[in-house]
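An overview of the molecular structure
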Amino acid sequence: MGWGDMEPPNGSAAGRSDTCFGVFNTSDSRDNAQNSIASPWFSTAFGLIGLCSNLFALCVLLSSSRKLSSRARSSFLVFLCGLVVTDFMGLLVTASVIIPYHFIKFTWAKVDPGCHLCNFLGFSMVFFGQCPLLLGATMAGERFFGINHPFSRSTSISKRRAWSIVGLVWGFSCLLGLLPVLGLGRYTLQYPGSWCFLTLLPDTGNVVFCLLFALLGIFSVLLSFIFNTVSVVTLCRVYHDRESVQRRRDSEVEMMVQLVGIMIIATICWMPLLIFIIQTVLQQLPASGQIQILPMETQKMLLIYIRMVTWNQILDPWVYILFRRAVLQRVYPSLRPRPSILSLYPVLNPSLGRKLTAD
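We now turn to the structure provided with this report. Quick caveat: nothing in here was measured; it's all calculated off a predicted structure. (Residues numbered from 1 in each chain as written. Predicted model: local features only at pLDDT ≥ 70, side-chain atom pairs only at ≥ 80, totals over all residues. Heavy atoms only, no water.)

With that settled, the discussion passes to a nonpolar patch on the surface. The grouping of F56, V253, V257, W318, L322 and F323 at the surface amounts to a nonpolar patch, some 470 Å² of accessible area in total. Elements that contribute at least two residues to the nonpolar patch include exactly α9 (250–283) and α10 (296–322). Structurally, the position occupied by F56 is in helix α3 (residues 40–65). (Patch = residues over 30% accessible without salt bridge, like charges linked within 9 Å, V, L, I, M, F, W, Y side chains within 5 Å. Areas by Shrake-Rupley, 256 points an atom, 1.4 Å probe, with all protein chains shown as cover. Salt bridge = Lys/Arg side-chain N within 4 Å of Asp/Glu carboxyl O. Helix = DSSP H or I, 4+ residues; strand = E, 2+ residues; numbered from the N terminus.)

Shown next as structure tokens:
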């Protein structure tokens, strides 16, 4: 299907470049919606599974945080809690708009002629999409410095400072999501007419915003990969050194297993979409100013990649739920706590012993 084979939907308003309508053709989408992954039951099932998973993980996190005395582990749980809250709110906000559309089939041009709801939904997609990637990179960076430079800080990050960092990530993602509202790019209605997202059209504003969103996400994933790889190598080397066994206890390994799991899920779920966005906008650059409507194949592929991203919000909480020491020790009873440096060297200075124990 060519670029010019589609008629702008929703009347004359859809053809204007300053509206959130007209990027796709609604005539084909409504006929195929019931037989595609855009069906209401598919979206509802995804939403409910994701909400229940994140709510369960949040309860487990809050229960675990009350029993901890280690500041390193406590700060890590704060980052995990921020990630779970972000995933939960992302599913809740987007599902509250998308699921009713599939059952009611309202017309966006009539319900939202000013594109306020579309802009809000597009902002939510960008904000709640970029936050988990940035939080994953932040958590990987914090563990990298905690493992590779353990004596560069007298103490681990406090809970208050950890929450401040989470707040900074939320603020940065919020600023990124507001860029189309401030004039850089725009949010438009996407196939099959149930959600809004950034616009994959070749005008300058949209290209800059799409590249900024995609490259920032790829950078976050790559940064997580580098930090986590170095941290895992360091832990493997330390655990083969008997004299340094206390330097990285089992809790460090547990945190790294969870971080690597989060990184793998984010890579599998997000990288196809981010690469697809870059390829789409760059391939269209020679036709800048001529393309007004996305081809149906591009619309469908974008929807498929967005569905893959949804799995990230569903699987993230289960990484923490399943990869805890309490669960792993039931699966592998041979896992035993490592001896501490105090038990190996009982003549250590008491003040040094207290410092290492608190650390």
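From this point, the discussion proceeds with the structure in view.
Along the chain, D87 falls in helix α4 (residues 71–104). One buried charged side chain, D87, makes no salt bridge at all; its nearest oppositely charged neighbour is R307, positioned 15 Å away. Dropping the residues within four chain positions of it, D87 is found in contact with N54, P132, N312, Q313 and D316. (Buried < 20%, exposed > 50% of the residue type's maximum accessible area, 1.4 Å probe, protein only. Lys, Arg positive; Asp, Glu negative; His and termini not counted. Contact = heavy atoms within 4.5 Å.)

Bringing the nonpolar core into the picture now. Judged by nonpolar contacts, the single largest core of 83 residues is most densely connected at W108, W195, F197, L200, F213 and I277. Here the element with the most residues in this core is α9; it accounts for 15 residues. Those residues within four positions of W108 in sequence are excluded, and the remaining contacts are F21, V97, Y101, P113, L117, C118, L121, L189, G193, S194 and C196. (Core = buried A, V, L, I, M, F, W, Y, C linked by side-chain atoms within 4.5 Å.)

All told, the structure shown has 1 disulfide when counted by the stated rule. Covalently, C118 is tied to C196 through a disulfide, its sulfur atoms 2.0 Å apart. Every disulfide takes its handedness from the sign of the S-S torsion; for C118 and C196 that torsion is -120°, giving left-handed. Taken as a pair, C118 in helix α6 (residues 116–148) and C196 in strand β2 (residues 195–198) lie far apart in primary sequence, 78 residues in all. According to the relative accessible area criterion, C118 is buried, its value standing at 0%. We classify C196 as buried; its relative accessible area is 0%. (Disulfide = S-S within 2.5 Å.)

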